[in-house]
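Fold and geometry: a report
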Amino acid sequence: MRLHVVDHPLVAHKLTTLRDKRTDSATFRRLADELVTLLAYEATRDVRTEQVDIETPVTPTTGVKLSYPRPLVVPILRAGLGMLDGMVRLLPTAEVGFLGMIRNEETLEASTYATRMPEDLSGRQVYVLDPMLATGGTLVAAIRELIKRGADDVTAVVLLAAPEGVEIMERELAGTPVTVVTASVDERLNENGYIVPGLGDAGDRMYGSAE
Ligand SMILES: O=P(O)(O)OC[C@H]1O[C@H](OP(=O)(O)OP(=O)(O)O)[C@H](O)[C@@H]1O
Ligand SMILES: O=c1cc[nH]c(=O)[nH]1
Ligand SMILES: [Mg+2]
């Protein structure tokens, strides 16, 4: 597994406001959208392209376009949904699949409540979106499912990661073609499985507590 921490002043600036508990939901959603666009720029560095012949007003030339099969973008509901628009803005040809997953707040175990994506992902590049990599249970399960369906190149775009989650990913997904792109690897997880300093519950901050 490769880990890429995007070290950029604009990313750090937006992340600081996202972390701030005074930031309201509308601003939080806008910042998450802006941040993912910056992370997506790094995350798509190896997106597959093919040559294309075009004519400029001056001369014929050769350029590149995103190749087929189309990349697949998979937001993990709920909170990953807040990253979808920012990602597909940069990858206009992408297809979108969905994974609904929830972490049991007592046991910290992840379970899947909805799946809507192609059965066969052979030869596909997949970008999975989730703002938080905490214990890693959610992302490990999601990526295993993608690889089981044949995905041969998976990039997880996360806003924040905990060192514990990164370690689990490295252990559980060793030898698989997985890259994690994040704005920060924070200090640690607390006793409730929350990232410290973190930003709290990403889904709740975007959409409310769903109680
Ligand atoms: O790395 P983990 O320990 O598995 O935790 C991370 C997961 O927890 C949060 O989802 P949550 O279960 O709160 O669902 P939500 O997005 O619907 O709020 C978050 O959005 C991740 O999906
Ligand atoms: O800090 C955390 C950990 C898991 N899920 C969140 O939304 N936040
Ligand atoms: Mg949540």
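Only a predicted model underlies this, so the values are computations on that prediction, with no experimental measurement involved.

Let us now look at the overall build of the protein. Scanning the protein from terminus to terminus reveals six helices and 13 strands. Once the C-alpha set of the protein is aligned to its principal axes, its extents read approximately 60 × 35 × 30 Å. Buried residues in the protein amount to 44% of all 211 residues. Considering only residue pairs separated by 6 or more positions, the protein has 69% of its internal contacts joining residues 24 or more positions apart. Summed over its atoms, the accessible surface of the protein is roughly 10800 Å², and 50% of this surface lies on carbon and sulfur atoms. Separation between the mean location of the 22 positive side-chain charges and that of the 31 negative ones in the protein comes to 3 Å.

The next thing to look at is a nonpolar patch on the surface. Together, Leu81, Val96, Phe98 and Tyr207 line one region of the surface with nonpolar side chains, adding up to about 300 Å² of accessible area. Structurally, Tyr207 is set in helix α6 (residues 202-207). By relative accessible area, Tyr207 is classed as partly exposed at 37%.

This part covers the site of ligand 2. Near ligand 2 you find Arg103, Met132, Ala134, Gly193, Tyr194, Ile195, Gly200, Asp201 and Ala202, and these make up its full shell. In the model, a nitrogen atom of ligand 2 is placed 2.8 Å from a nitrogen or oxygen of the Gly200 main chain. Within the complex, 90% of the 230 Å² of free accessible area of ligand 2 lies under protein. Among the residues forming the shell around ligand 2, the class breakdown is five nonpolar, two polar and two charged.

Another aspect to go through is the nonpolar core. Formed by 35 residues in total, the largest nonpolar core has its most connected members in Leu18, Val73, Met87 and Val157. Put simply, the parts of the chain that give this core at least two residues each are α1 (9-19), α2 (25-43), α3 (84-90), β8 (125-129), β10 (153-161), β11 (178-185) and α6. The element that contributes the greatest number of residues to this core is α2, accounting for eight residues. Setting aside anything within four residues of it in sequence, one finds Val73 in contact with Leu84, Met87, Val88, Leu91, Ala94, Glu95, Val96, Gly97, Tyr127 and Leu129.

Evaluation of the coordinates by the stated rule reveals 16 salt bridges. One salt bridge in this structure joins Arg78 and Asp204, with 2.8 Å as the shortest N-O distance. One end of the pair, Arg78, is in the loop between β4 (72-77) and α3; the other, Asp204, is in helix α6, and 126 residues separate them in sequence. The partner of Glu172 in a salt bridge is Arg144, and the shortest N-O contact between them spans 2.6 Å. In this pair, Glu172 is assigned in helix α5 (residues 163-172) and Arg144 in helix α4 (residues 137-148), connecting sequence segments 28 residues apart. Residue class for Glu172 comes out partly exposed when judged on its relative accessible area of 35%. Taking relative accessible area as the criterion, Arg144 reaches 43% and is therefore assigned partly exposed. Salt bridges sharing common partners tie together Glu119, Glu145, Lys148 and Arg149.

In the numbering used here, UniProt assigns the feature "binding site: 5-phospho-alpha-D-ribose 1-diphosphate" (unreviewed entry) to Arg78, Arg103, Asp130, Pro131, Met132, Leu133, Ala134, Thr135, Gly136, Gly137, Thr138 and Asp201. As for its position among the elements, Gly137 is in helix α4. Residue classification places Gly137 among the partly exposed positions, given a relative accessible area of 30%. The residue Asp201 is located in the loop between β13 (195-196) and α6 in this model.

Here we take up the packing of aromatic side chains. Tallied over the entire structure, the rule returns zero aromatic pairs. One cation-aromatic arrangement involves Arg103 over Tyr194; the distance from NZ or CZ to the ring centre is 5.5 Å.

What counts as what
- Residues numbered from 1 in each chain as written.
- Chains lettered and ligands numbered in written order.
- Predicted model: local features only at pLDDT ≥ 70, side-chain atom pairs only at ≥ 80, totals over all residues.
- Heavy atoms only, no water.
- Helix = DSSP H or I, 4+ residues; strand = E, 2+ residues; numbered from the N terminus.
- Buried < 20%, exposed > 50% of the residue type's maximum accessible area, 1.4 Å probe, protein only.
- Contact = heavy atoms within 4.5 Å.
- Areas by Shrake-Rupley, 256 points an atom, 1.4 Å probe, with all protein chains shown as cover.
- Lys, Arg positive; Asp, Glu negative; His and termini not counted.
- Charge placed at Lys NZ, Arg CZ, Asp CG, Glu CD.
- Patch = residues over 30% accessible without salt bridge, like charges linked within 9 Å, V, L, I, M, F, W, Y side chains within 5 Å.
- Salt bridge = Lys/Arg side-chain N within 4 Å of Asp/Glu carboxyl O.
- Near = heavy atom within 4 Å.
- Polar contact = N/O pair within 3.5 Å; in protein donor to acceptor, adjacent residues only side chain to side chain.
- Nonpolar A, V, L, I, M, F, W, Y, C, P; charged D, E, K, R; others polar.
- Core = buried A, V, L, I, M, F, W, Y, C linked by side-chain atoms within 4.5 Å.
- UniProt positions renumbered as here; feature names shortened; annotations may be inferred.
- Phe/Tyr/Trp six-rings, centres within 6.5 Å; stacked < 30°, edge-to-face > 60°.
- Lys NZ or Arg CZ within 6 Å of the ring centre and 35° of its normal.

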